[in-house]
Amino acid sequence: MKKLLYILAITLIVTSCEDVIDVDLPNGEPKLVIDASFELYLNETPIDTEGGVRLTLSAPFFDDDVPTVSNATVFITNQNDNSIINFTESLELGFYTPETATFIPEFNTPYTLTVIHDNETYTATTELVPTAPIDNIIQGDATLFDGDETEVIIFFTDDGTRDDYYLFDFDFSLFLASEDRFYQGEAFNFSYFYEDMIAGQNLTIKILGIDERYFNYANLLIEQSEQEGGNPFLTPPVVLRGNIINTTNPDNYPLGYFNLSEASRLDFIIQE
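Since the model is a prediction, treat every value here as computed from it, not as a measurement.

1. Things to note about the overall build of the chain
- In terms of helices and strands, the chain carries 2 helices and 15 strands.
- In the chain, which comprises 272 residues, the proportion classed as buried is 36%.
- Across the chain, every contact between residues at least 6 apart in sequence was considered, and the portion connecting residues at least 24 apart equals 63%.
- By element, 52% of the accessible surface of the chain is carried by carbon and sulfur atoms, the whole surface being about 16,700 Å².

2. Details of the sheet that holds strand β9 (residues 150–157)
- Strand order in the open sheet formed by 3 strands is β8-β9-β12, and the pairing between neighbours is antiparallel. Strands at the two margins of the open sheet, each flanked by one partner only, are β8 (134–139) and β12 (187–194). Strand-to-strand twist across the sheet, computed as the mean angle between neighbouring axes with direction ignored, equals 20°.
- Note: β8 against β9, 5 bridges, orientation antiparallel. Across the sheet, residue asparagine 136 finds its bridge partner in β9, namely phenylalanine 155.

3. A closer look at the confidence of the model for the chain
- Per-residue pLDDT for the chain averages 87, and the proportion of residues at 70 or more is 83%.
- A low-confidence stretch, residues 21–26 (pLDDT under 50), is modelled with 4 contacts involving residues beyond four sequence positions or located in other chains.
- Within the model, the stretch residues 227–235 combines pLDDT values under 50 with 4 contacts to residues more than four positions away or in other chains.

4. Observations concerning unusual backbone geometry
- Between threonine 45 and the following residue, proline 46, the backbone shows a cis peptide bond with an omega angle of 0°.
- Inspection of the secondary structure puts proline 46 in the loop between β1 (32–41) and β2 (48–57).
- Phi at asparagine 82 is positive, roughly 60°, even though this residue is not glycine.
- Residue asparagine 82 is classed as exposed on the basis of its relative accessible area of 56%.

Scoring rules and cut-offs
Residues numbered from 1 in each chain as written. Predicted model: local features only at pLDDT ≥ 70, side-chain atom pairs only at ≥ 80, totals over all residues. Heavy atoms only, no water. Helix = DSSP H or I, 4+ residues; strand = E, 2+ residues; numbered from the N terminus. Buried < 20%, exposed > 50% of the residue type's maximum accessible area, 1.4 Å probe, protein only. Contact = heavy atoms within 4.5 Å. Areas by Shrake-Rupley, 256 points an atom, 1.4 Å probe, with all protein chains shown as cover. Pairing = 2+ DSSP bridges. Axes fitted to C-alpha atoms, helices over the stretch in contact; angles between N-to-C directions. pLDDT = per-residue confidence, 0-100.

So, in structure tokens, the structure goes:
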């Protein structure tokens, strides 16, 4: 009994002496963040390309606002014929779209993104990566841990003539990166489980073709973004450097990625 009272007393002392401690976190110099992602829908009529170039600056950990970057020069060069597509800032600050025409990338063609900001030049070169079309989407009745998840099953057929890497977009900023190592050339399906869904909820599910480097980048990005509720003072496991370089000052590297994906998408409505 004495031991129990002693522990209780210690607990009361500790809990009654809690103070709020303000911690000053060191803030490094802001880095340019270049999110240049394009999705080409060849299986739609007319052919559609979605995406653009979003420019922001990195911000301190506890800041709610992300600074946007205006007055930058942005263009993409087709390396096969040296044609240039200029981009201009849209009504959405920091988001740049083609100036005069829709950007329709072609396969087996290198494209170079150039961003000029604050007297420094950033570039990245990539090619359009093919995908596999989504064959079908159905709703299943399986659950996971809580018992109230909604199962959605995605069907697609991998192309057996190449090694493929995919990025699945399940809407609501939910992503999964996958490689065809275990289903090369096969008809394949898998389940994805949503939480807090209601009947009649609309979804748009996409499958994007990506290369191996972007596959590795996306896996790290997804892994770090899922650290919900963790200790904010933990050191990030890795600095996410993409494929964009600073040709003026290599030490002042940017964050972000330049990616061109063929994509397939299907809309789906959650049933009861």
